[in-house]
Amino acid sequence: NAGVTQTPKFRVLKTGQSMTLLCAQDMNHEYMYWYRQDPGMGLRLIHYSVGEGTTAKGEVPDGYNVSRLKKQNFLLGLESAAPSQTSVYFCASSSTGSREQYFGPGTRLTVT
Amino acid sequence: SQKIEQNSEALNIQEGKTATLTCNYTNYSPAYLQWYRQDPGRGPVFLLLIRENEKEKRKERLKVTFDTTLKQSLFHITASQPADSATYLCALRSGYALNFGKGTSLLVTP
């Protein structure tokens, strides 16, 4: 099992460009999450999903959109990237909302 | 507002000693608390989950306590090794998701 994978690992964008981060999990988990991690700020929840076709906002959703068309995939989109979105993005999944989360390796995004 | 506080200062200890990390929280009524380990450049890895009625839980050299009266969890690593050097995060459930503390960096020196 690959667990949770993220694509790409690194990306540099110019302000105003768009991109999509892909998260895939092969554990048949219902719940999936997108976090960003910044120095001194810890992990902050962007959006999450409690099942295929559902999404919900987390702590810092502005500037991001998500989709969960298939149970195993959770996509994070940036429509118009801003320098404030420079961060490391982590995807995670869990079998339920109360169980441990499994994290991907992260995507390092730089917006210039 | 809900807060999870972990010591922001790095903890430096000598190999073989016991490391103790603290997680304090406010405005939560948690049924359980989780601890994760994060190495530089990697995603967090789940270590332990302790329920409110368990008070103490052990896994190999790890021990976690959970005091809902003090609103505090302590995370102990006994006989610490340089390989234990990492950042340790505590997490509490908020709705369908987890809120994480900012983590405490542990450095174990030979």
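Report follows, based on the coordinates. One numbering rule holds for all chains: residues counted from 1, following each sequence as written. Naming scheme: in the order in which they are written, chains are lettered from A and ligands are numbered from 1. Residue-level local features of this predicted model are given only where pLDDT is at least 70; pairs of side-chain atoms are given and counted only at 80 or more, and the full residue set underlies all totals for whole chains, interfaces and linings. Side-chain metrics rest on all non-hydrogen atoms present in the structure, leaving aside hydrogens and water.

### Digging into the overall build of chain B
Put simply, DSSP H or I for four residues or longer makes a helix, DSSP E for two residues or longer makes a strand, and each gets a number counted from the N terminus. Helix and strand counts for chain B come out as 0 helices and 11 strands. Put simply, chain B runs from its N terminus to its C terminus through helices and strands in the order β-β-β-β-β-β-β-β-β-β-β. Throughout, radius of gyration means the C-alpha value; the globule benchmark is 2.2 Å times the number of residues raised to the power 0.38. In terms of C-alpha radius of gyration, chain B reaches 13 Å, essentially the compact-globule figure of 13 Å for 110 residues. The buried share of chain B, taken over its 110 residues, is 43%. When the accessible area of chain B is evaluated, it comes to approximately 5700 Å², of which 45% is carbon and sulfur surface. In chain B, 14 side chains carry a positive charge and 10 a negative one; their mean positions are 3 Å apart. A simple rule labels every residue: compare its accessible area, found with a 1.4 Å probe on the protein chains alone, to the largest value its type can have, and call it buried under 20%, exposed over 50%, or partly exposed in between. Working definition of accessibility: Shrake-Rupley area with a 1.4 Å probe, residue cover restricted to the visible protein chains. In summary, the charge assignment counts Lys and Arg as positive and Asp and Glu as negative, without counting His or the chain termini. A charge is said to be at NZ when it belongs to Lys, at CZ for Arg, at CG for Asp and at CD for Glu.

### Concerning the packing of aromatic side chains
Working definition: rings of Phe, Tyr and Trp (its six-membered ring) pair if their centres are within 6.5 Å, and the pair is stacked with planes under 30 degrees apart, edge-to-face with planes over 60 apart, and tilted otherwise. Tallying each qualifying case throughout the model produces 15 aromatic pairs over all chains. With a centroid separation of 6.4 Å and an interplanar angle of 80 degrees, the aromatic rings of Tyr 25 of chain B and Tyr 28 of chain B are classed as edge-to-face. Judged by relative accessible area, Tyr 28 of chain B falls into the buried class, the value being 5%. An aromatic cluster is built from Tyr 33, Tyr 35, Tyr 48, Phe 90 and Phe 103 of chain A together with Tyr 36, Phe 46 and Phe 100 of chain B, whose rings are joined through pairwise contacts.

### Some details on the sheet that holds strand β3 (residues 19–26) of chain B
All names here are of chain B. For two strands to be treated as a pair, DSSP must find at least two bridges joining them. Strand order in the open sheet formed by 5 strands is β1-β3-β8-β7-β6, with antiparallel pairing between adjacent strands. What marks the edges here is a single partner per strand, and that holds for β1 (3–6) and β6 (56–59). Neighbour to neighbour, the strand axes of the sheet diverge by 15 degrees on average, direction disregarded. Both β3 and strand β8 (residues 72–77) contribute to a ladder of 6 bridges, which runs antiparallel. Convention adopted: a line fitted to C-alpha atoms gives each axis, helices being fitted over their contacting stretch, and angles between N-to-C directions are expressed from 0 to 180 degrees.

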